[in-house]
Amino acid sequence: MIQRFVESVKTLFTGKRRASKPRAPKRLTAEQHGIDRSLVAHPAMRVCETLQKAGYDAYIVGGAVRDLLLGVRPKDFDVATNATPEQVKAHFRRAIIIGRRFRLVHVMFGAERIEVSTYRALASVDTVTDEHGRVLADNVFGTQVEDATRRDFTVNALYYGPTHEVVLDFHDGVKDIRARRIRMIGDPAARYREDPVRMLRAVRFAAKLGFAIDEATRAPIASMADLIENVPSARLFDEMLKLLTSGHAVACIMRLRAEGLHHGLLPLLDMILEQPEGERFVLLALSRTDERVQAGKTVSPGFLFATLLWHEVLVGWRAREAQGQHRIEALDAAIDDVLGRQTEKLSIQRRYTADMRELWMLQPRFERRQGSAPHRLLGHLRLRAAYDFLLLRCAAGEAPAELGDWWTRFIDANEDERQQLLAAARSDAPASGRRRRRRRGGQGGHAAGSDASPA
Ligand code: ATP
Ligand code: MG
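## Some thoughts on the site of ligand 1
Phase 1 of the analysis: In the neighbourhood of ligand 1, 17 residues make up the surrounding shell, with Arg66, Asp195, Arg198, Arg204 and Lys242 lying closest.
Phase 2 of the analysis: In the environment of ligand 1, a nitrogen atom lies 3.2 Å from a nitrogen or oxygen atom belonging to the backbone of aspartate 152.
Phase 3 of the analysis: When isolated, ligand 1 has an accessible area of 590 Å², and the protein chains bury 84% of it.
Phase 4 of the analysis: At the level of elements, helix 4 (63-69), helix 9 (197-209) and helix 12 (233-244) are the ones that each hand at least two residues to the shell around ligand 1.
Phase 5 of the analysis: Ranked by residue count, the leading element in the shell around ligand 1 is helix 9, at five residues.

Encoded structure:
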């Protein structure tokens, strides 16, 4: 009670009135900031030059400046300007205005896209919030100082003008980058209350960049973690996806757990991570995803979420089979349960849930190694993804390693070899469909996989 009162008084004084004292930025020259201009992609340069020639401010902002200061080639570029979206659009042939709440411009150059946003104003006393203090609308244009102050962390509030090669630093972000530290702009508790997703962002940036979270920025997280529950599920999904595809998903998940932030995030993820079998599978899936991202390969969100929720499906599937439900129907029903529960909190979009269901439903088909079933499966459009999923299950010891090996050989084999493989499978598989169905827990329990090795 008292704590709540103290917090609401704090909001009153630090929250909405925070940062009403604008400060002049530090201006760093090329020699001082040391950014290698050749790391700036051509389209980003073009956008800044064009807007400047037209008399506007234009700076590269956000993650790209952080990367440039760290000597890394940024994967995408955001530009901030004092031009309105209409003014920006008028200067480019291929530009579209997107967003309803806060409009941005996407300027396209071939397949590359530069996101251009107009400086935004700070939350003010009349900003609309929900009953927990979460800001619901912040769609007013503002000045550059305001734009810098409404950003989350100091390292994200740097502006780089590639034509003049100047860095504008309003909140000592360069110092924090050099000290490898994530520090919130303003009062951390008030900023988390405005937008609880910032807690996840702090963890994501720390894990991704290998930075520490400044103590004052970290301290309120433990007691404020529950505020995540008020965040709309679509927003949470976007943030989770960023986190999981950051190339540092394992580090992010470890850090989320360390900060007590994993509860209620992926609603069942905490439970899964608490079961050794589930934890092993999820961490293996995430480390494979990290490898792919780091190697510059794409990752499919459907596949990713299918791996995260597989154990939950498995538990339901086994329970239903144990009650005597038909194997395939049991799987189908278990999938319905899991997707139903997950979408309540985390609205996984329909196009992803369709992929997930397909991947899961294809799993028992790998067990059928008789007659024409394996050949039919070879012709399935989603075979590759389903097979990768199977290999992951084998590597985690949840499906028999022998099954994954058999399919690896079968896929690569010529027709004669395939016939031999089918014959071999027939001779070591006494279980007919009927017998298998009666076996509790299905095929491939823990024991089968204890000697599994990554395929
Ligand atoms: P990444 O490398 O992951 O893209 P990023 O810093 O560019 O990192 P984005 O989510 O693309 O992150 O956001 C771009 C910028 O917008 C951030 O650097 C930050 O300045 C600002 N920003 C984004 N989300 C928030 C938020 N919730 N609160 C305040 N500022 C934010
Ligand atoms: Mg970005």
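Read on for the rest.
## What about the side chain of arginine 204?
Phase 1 of the analysis: Locating arginine 204 in the fold gives a position in helix 9.
Phase 2 of the analysis: Contact partners of arginine 204, with chain neighbours within four places excluded, come to Glu239, Lys242, Leu243 and Cys252.

## Here we look at the nonpolar core
Phase 1 of the analysis: Ranked by size, the top nonpolar core spans 112 residues in total, and within it Ile60, Leu244 and Trp360 carry the most contacts.
Phase 2 of the analysis: Residues within four places of isoleucine 60 in sequence aside, it is in contact with Val40, Ala44, Cys48, Val65, Phe77, Asp78, Val79, Leu158, Tyr159, Tyr160 and Pro162.
Phase 3 of the analysis: One finds Tyr59, Ala148, Val166 and Leu168 within the second-largest nonpolar core, a separate group that totals nine residues.

## Considerations on the confidence of the model for the chain
Phase 1 of the analysis: This prediction gives the chain a mean pLDDT of 85; 84% of its residues lie at or above 70.
Phase 2 of the analysis: Low pLDDT, under 50, characterises residues 1-20; the stretch is placed with 23 contacts to residues that sit more than four places away or in other chains.
Phase 3 of the analysis: Throughout residues 431-455 the model reports pLDDT below 50, and contacts reaching past four residues in sequence, or to other chains, amount to 36 contacts.

## Things to note about the sheet that holds strand 3 (residues 78-81)
Phase 1 of the analysis: Here we have eight strands laid out as an open sheet, ordered 1-8-7-2-3-6-5-4, and mixed in their pairing. A strand with exactly one partner marks an edge of an open sheet, and here the two such strands are strand 1 (26-28) and strand 4 (95-98). When the angles between neighbouring strand axes are averaged without regard to direction, this sheet yields 30°.

## Observations regarding helix 21 (residues 401-412)
Phase 1 of the analysis: End to end, helix 21 covers 17 Å across twelve residues, agreeing with the expected 16 Å (1.5 Å per residue, within 8%).
Phase 2 of the analysis: Where the residues of helix 21 are buried, they touch helix 19 (373-378), helix 20 (383-395) and helix 22 (415-427).

## Points about the environment of arginine 191
Phase 1 of the analysis: Looking at where arginine 191 falls in the secondary structure, it is placed in helix 8 (residues 188-194).
Phase 2 of the analysis: As for arginine 191 and aspartate 152, which are separated by 39 residues in sequence, their C-alpha atoms are 7.7 Å apart.

## Considering the pattern of salt bridges
Phase 1 of the analysis: Inspection of the entire model under this criterion finds 25 salt bridges.
Phase 2 of the analysis: The partner of arginine 382 in a salt bridge is glutamate 358, with the nearest N and O atoms 3.6 Å apart. Placement of the pair is arginine 382 in the loop between helix 19 and helix 20 and glutamate 358 in helix 18 (residues 350-362), with a sequence separation of 24 residues.
Phase 3 of the analysis: The partly exposed category is assigned to glutamate 358, whose relative accessible area is 32%.
Phase 4 of the analysis: Here glutamate 402 ties to arginine 369 by a salt bridge, and the two come within 2.8 Å at their closest N and O atoms. With glutamate 402 in helix 21 and arginine 369 in the loop between helix 18 and helix 19, this pair connects stretches of sequence that are 33 residues apart.
Phase 5 of the analysis: On the accessibility criterion, arginine 369 (9% relative accessible area) is buried.

What counts and how
Residues numbered from 1 in each chain as written. Chains lettered and ligands numbered in written order. Predicted model: local features only at pLDDT ≥ 70, side-chain atom pairs only at ≥ 80, totals over all residues. Heavy atoms only, no water. Near = heavy atom within 4 Å. Polar contact = N/O pair within 3.5 Å; in protein donor to acceptor, adjacent residues only side chain to side chain. Areas by Shrake-Rupley, 256 points an atom, 1.4 Å probe, with all protein chains shown as cover. Helix = DSSP H or I, 4+ residues; strand = E, 2+ residues; numbered from the N terminus. Contact = heavy atoms within 4.5 Å. Core = buried A, V, L, I, M, F, W, Y, C linked by side-chain atoms within 4.5 Å. Buried < 20%, exposed > 50% of the residue type's maximum accessible area, 1.4 Å probe, protein only. pLDDT = per-residue confidence, 0-100. Pairing = 2+ DSSP bridges. Axes fitted to C-alpha atoms, helices over the stretch in contact; angles between N-to-C directions. Expected span 1.5 Å × (residues − 1). Salt bridge = Lys/Arg side-chain N within 4 Å of Asp/Glu carboxyl O.

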